[in-house]
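# Observations on chain architecture
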Amino acid sequence: MLKAGIVGLPNVGKSTLFNAITKQNILAANYPFATIDPNVGIVNVPDMRMNVLNDMYMPERLILASFEFTDIAGLVKGASKGEGLGNKFLSHIREVDAIVEVVRCFEDSNIIHVEGKPDPVRDIEIINLELTISDLEIVENRLAKIEKKAMTTKDEDSLIEVSALKKAKDALEKAIPLREIEFTDEEIEKIKSYQFLTYKPILYLANISEDDLGHEDNEYVKALKEYVKNKDTRVIKTCCKVESELSELSIEEKEEMLEMLGIETSGLDELINETYSLLGLRTYFTVGSDEVRAWTYRDGMNARDCAGIIHTDFRDGFIKAEVMSYDDLVKYGSELKVKEAGRLRIEGKDYLMKDGDICHFRFNK
């Protein structure tokens, strides 16, 4: 299962956010390193389509798509040199597939800030620097081992790897994250095993105060958005404390509280959906009176491999997939009417699945 890691400086709201996401009662204390070992939780993906399918089929079970979130201990300046939890922190980030960086965008004299006071850009650059130093060390060590040999032997694979590493070294020395660098497909294949920290996709969670909810961006959020405006990422704004409180309420109570706060949707729901997309995840459905289920797959997977997510027998004995789109099902009102309209498709093993496909797989047992 793919996982996203929640990172940030100490006391910016990471563990409070994680509590809200997973509804797990983990330690959320007002001092650095309250989270030492990474806490892992499975999160369900909010999807209004599931509500519609539930009303149509009235199944015995309704199972949402899900993925993993990991709450990682707070990083401090000098982590790449062993400060704070140092390499332990960095190794935990290496294990995730995408990064959600929580940035404190409010003032509160009762909550310690490890750098003295909030400054979103400074805080991001502290983390960027530590991740960059860690990546650069790996690049330099690897180049020292293979560059001379590659130039001597002219081995094609080694030369491609050297080219990729030199490109990475040049970027990292300029403090440019590797996610912003264009690598060829061959270069990506050679370096992906290194799990470079600055190559992982990232989005930012601006943690604001309750008083700022439903209002224009405060100066901290504006500075954060300005900082990332030309980067391939997003800023999501929410109050982690409020989201933690919302997670304890019933659906009706949650809607009432959102209305009272003057916000239309939970920032947490937006974060979960954006992270799901950031991980390159998509959803297909299986439906019936016994179960309506959302299945998570990687964008670009074919029908046969998606069938294998349900069971390896489905993949190994794949014959065909009967596919209709969620939009067509809603438009025509029933599977029968979709079929009568000629919108039910028979797809082979190489069909590339689309988000919202509703599938019935045929296979040899």
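Only a predicted model underlies this, so the values are computations on that prediction, with no experimental measurement involved.

What counts, and at which threshold
Residues numbered from 1 in each chain as written. Predicted model: local features only at pLDDT ≥ 70, side-chain atom pairs only at ≥ 80, totals over all residues. Heavy atoms only, no water. Patch = residues over 30% accessible without salt bridge, like charges linked within 9 Å, V, L, I, M, F, W, Y side chains within 5 Å. Areas by Shrake-Rupley, 256 points an atom, 1.4 Å probe, with all protein chains shown as cover. Salt bridge = Lys/Arg side-chain N within 4 Å of Asp/Glu carboxyl O. Helix = DSSP H or I, 4+ residues; strand = E, 2+ residues; numbered from the N terminus. Buried < 20%, exposed > 50% of the residue type's maximum accessible area, 1.4 Å probe, protein only. 1 Å grid on protein atoms, 1.4 Å probe; cavity = no way out; pocket = protein on both sides within 12 Å on 5 of 7 lines; lining within 4 Å. Points joined across faces, edges and corners; volume = space filled by probe spheres on them. Core = buried A, V, L, I, M, F, W, Y, C linked by side-chain atoms within 4.5 Å. Contact = heavy atoms within 4.5 Å. Pairing = 2+ DSSP bridges. Axes fitted to C-alpha atoms, helices over the stretch in contact; angles between N-to-C directions. Phe/Tyr/Trp six-rings, centres within 6.5 Å; stacked < 30°, edge-to-face > 60°. Lys NZ or Arg CZ within 6 Å of the ring centre and 35° of its normal. pLDDT = per-residue confidence, 0-100. Expected span 1.5 Å × (residues − 1). Bend = angle between axes of the 7 residues up to and from the residue. Left-handed = near helix turned anticlockwise from the far one by under 90°. Nonpolar A, V, L, I, M, F, W, Y, C, P; charged D, E, K, R; others polar.

## Focus: a nonpolar patch on the surface
Taken together, the side chains of Val52, Met56 and Val330 make up a nonpolar region of the molecular surface, amounting to roughly 200 Å² of accessible area. One can find Val52 in helix H2 (residues 48-57). Note on Val52: relative accessible area 31%, which makes it partly exposed.

## Concerning the layout of surface pockets
Taking a probe equal in size to a water molecule and rolling it over the atoms shows the remaining empty space. By volume, the largest pocket is sized at about 970 Å³. If you go around the largest pocket, you meet 32 residues; those closest to its centre are Pro46, Asp47, Ile251, Lys254 and Asp269. Where the lining of the largest pocket is concerned, the elements lending two or more residues are helix H1 (14-22), strand S2 (39-44), H2, helix H8 (240-246), helix H9 (251-261) and helix H10 (267-278). Considering each element in turn, the lining of the largest pocket owes the most residues, five residues, to H10.

## Describing the nonpolar core
The tendency in soluble globular proteins is for nonpolar side chains to be buried as a group. Of all hydrophobic cores here, the largest spans 68 residues; its most connected members are Leu17, Phe67, Phe69, Leu224 and Leu271. In this structure Leu17 touches Ile6, Val102, Leu205, Cys240, Leu268 and Leu271, once residues within four positions along its chain are discounted. Counting 16 residues, the second-largest nonpolar core is a separate cluster that includes Ala168, Ala171, Leu178 and Ile191.

## What to know about the sheet that holds strand S5 (residues 98-104)
The strand order S2-S4-S1-S5-S6-S7 describes an open sheet built from six strands, whose pairing is mixed. In the strand order of this sheet, the two ends are held by S2 and strand S7 (235-238), each with one partner. Sheet twist, expressed as the average angle between the axes of neighbouring strands with direction ignored, equals 25 degrees. With four bridges connecting them, strand S1 (residues 3-7) and strand S4 (residues 66-71) associate as parallel partners. Looking at S4, one finds that Ala4 is bridged to Phe69.

## A look at the packing of aromatic side chains
Each aromatic ring pair is summarised here by two numbers: the centre-to-centre distance and the angle between the ring planes. Enumeration according to the criterion identifies 10 aromatic pairs in this entry. A centroid spacing of 5.9 Å and a plane angle of 90 degrees characterise the contact between Tyr284 and Phe361, whose relative ring orientation is edge-to-face. Linking Tyr284 in strand S8 (residues 281-286) with Phe361 in strand S12 (residues 357-363), this pair joins segments that are 77 residues apart in sequence. Connected via pairs of aromatic rings, a cluster forms that spans Tyr284, Trp295, Tyr297, Phe318 and Phe361. One residue, Lys231, lies across the ring of Tyr227, its end atom 5.3 Å from the ring centre.

## With respect to the confidence of the model for the protein chain
In this model, the protein chain carries a mean pLDDT of 87, and residues with pLDDT of at least 70 account for 90%. Under a pLDDT of 50 for its full length, residues 24-36 has, in the predicted model, 37 contacts with residues more than four places off or in other chains.

## A few points about helix H4 (residues 120-153)
Across its 34 residues, H4 extends 48 Å between first and last C-alpha, which sits within 8% of the 50 Å expected from 1.5 Å per residue. Approximately 40 degrees is the largest bend angle found in H4, and it occurs at Ile146. Backbone geometry just after H4 places Lys154 at a positive phi near 60 degrees.

## Focus: the pairing of S8
Of all six residues making up S8, five are buried, and the element is well covered by its neighbours. In the sheet, S8 pairs with strand S9 (residues 291-298) via six bridges, with the strands oriented antiparallel. What sits directly across from Tyr284, in S9, is Trp295. Here S8 hands over to S9 after four residues, the two strands then running antiparallel side by side.

## A look at the packing of H4 against helix H5 (residues 156-173)
Close contact between H4 and H5 brings their axes to 9 Å; oriented N to C, the two are set at 145 degrees. As for the relative orientation of H4 and H5, their crossing is left-handed in sense. Contacts between H4 and H5 involve Thr132, Asp135, Leu136, Val139, Glu140, Arg142, Leu143, Ile146, Glu147, Ala150 and Met151 on the former and, on the latter, Ser158, Leu159, Glu161, Val162, Leu165, Lys166, Ala168, Lys169, Leu172 and Glu173. Tallied by class, the residues present in the contact of H4 with H5 amount to 11 nonpolar, two polar and eight charged.

## Some thoughts on the environment of Ile346
Summarising the element assignment, Ile346 is placed in strand S11 (residues 345-347). For Ile346, a relative accessible area of 51% gives the class exposed.

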